[in-house]
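# Residue-level structural notes
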Amino acid sequence: VSTEHDCPLDAARQSRNIVCFAGFWCVYYLAAPVSYVGITHSNLLKELGNSDTVANLPHAVYQWLSAFPILVAWFLPQPKLLKRLLVIPLLVMASACAAVALTIGFGMSNSAVTFAVIAHGAIFGASNGVLLTTLWEVLRRGVSTSRRGQALGLTFGVGPLLACVGSLAQQALFSKTSIAGFSFGLTFPQNYLALFAAAVPLMFLAALLAASFVVPLPQEEP
């Protein structure tokens, strides 16, 4: 089978998958201040008065759970589950972002906010790996080999620009004089509340794009 015809989908549905793949990554890059667990989470926990050990826990549990996709691939290998393996983790991730925002917004105790942030790191650690491995499998099945360069060029040509936009938005939330010359003028903890709350609709948008993939299924599945 030639590289132009090694996908059972027609050109239009392959184009749809390319747009969904690129769109997903653009949204995910835009949410990078929250979706990449690390300094932001650590700084939040430090400002809540936690020790360095506790402040590093979100990133630590994120790393500890990075092997979770191996279990998912082992127990749920069926192609018919691919879209659900994208949508469900994204909905759970949206819930984790909302939980952090709500604990801050309702003025709950520092311990409650700390627990929500650490749980956020754990959920994203488990979910990110599942998303990544599933996305590559969807691209392999839903786009012919000859068009994957186009998909990757669009995705990682435009996507990083959205990461810059997300970074500038975070600076506008946290700094009185951001690089962009604009600031929302929010103080702690409202700046973190706005940051995590803004990630919720982005996760839902990513879930919508994931649900829009067209994944060809094998006629016979062992």
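The notes below deal with the structure included here. Being a predicted model, the structure only gives us computed values, none of them experimental.

Thresholds, definitions, all that
- Residues numbered from 1 in each chain as written.
- Predicted model: local features only at pLDDT ≥ 70, side-chain atom pairs only at ≥ 80, totals over all residues.
- Heavy atoms only, no water.
- Helix = DSSP H or I, 4+ residues; strand = E, 2+ residues; numbered from the N terminus.
- Expected span 1.5 Å × (residues − 1).
- Buried < 20%, exposed > 50% of the residue type's maximum accessible area, 1.4 Å probe, protein only.
- Contact = heavy atoms within 4.5 Å.
- Salt bridge = Lys/Arg side-chain N within 4 Å of Asp/Glu carboxyl O.

## Describing the environment of L208
Along the chain, the position of L208 falls in helix α10 (residues 190-211). Spatially, the C-alpha atoms of L208 and A32 are 18 Å apart, while their sequence positions differ by 176 residues.

## Some points on unusual backbone geometry
Residue P189 follows F188 across a cis peptide bond; omega there is 5°. Tracing the backbone shows P189 in the loop between α9 (148-174) and α10.

## Considering α10
Look at α10: 32 Å from first C-alpha to last across 22 residues, which is about the 32 Å you get at 1.5 Å a residue. Here α10 has its buried residues at N191, Y192, L195, F196, A199, V200, L202, M203, A206, A207, L209 and A210. In this structure, the buried side of α10 is in contact with α1 (11-30), α2 (32-35), α3 (39-47), α7 (82-105), α8 (110-142) and α9.

## With respect to the pattern of salt bridges
Following the criterion strictly, the structure yields 4 salt bridges and no others. Note that K46 and D52 form a salt bridge whose closest N and O atoms lie 2.6 Å from each other. For K46, a relative accessible area of 40% translates into the label partly exposed. In this structure, R141 engages E137 in a salt bridge whose closest nitrogen and oxygen atoms are separated by 2.8 Å. Of the two residues, R141 and E137 both sit in helix α8, 4 residues apart, roughly one turn of that helix. What makes R141 partly exposed here is its relative accessible area of 22%. One connected set of salt bridges, linked through shared partners, spans E137, R140 and R141.

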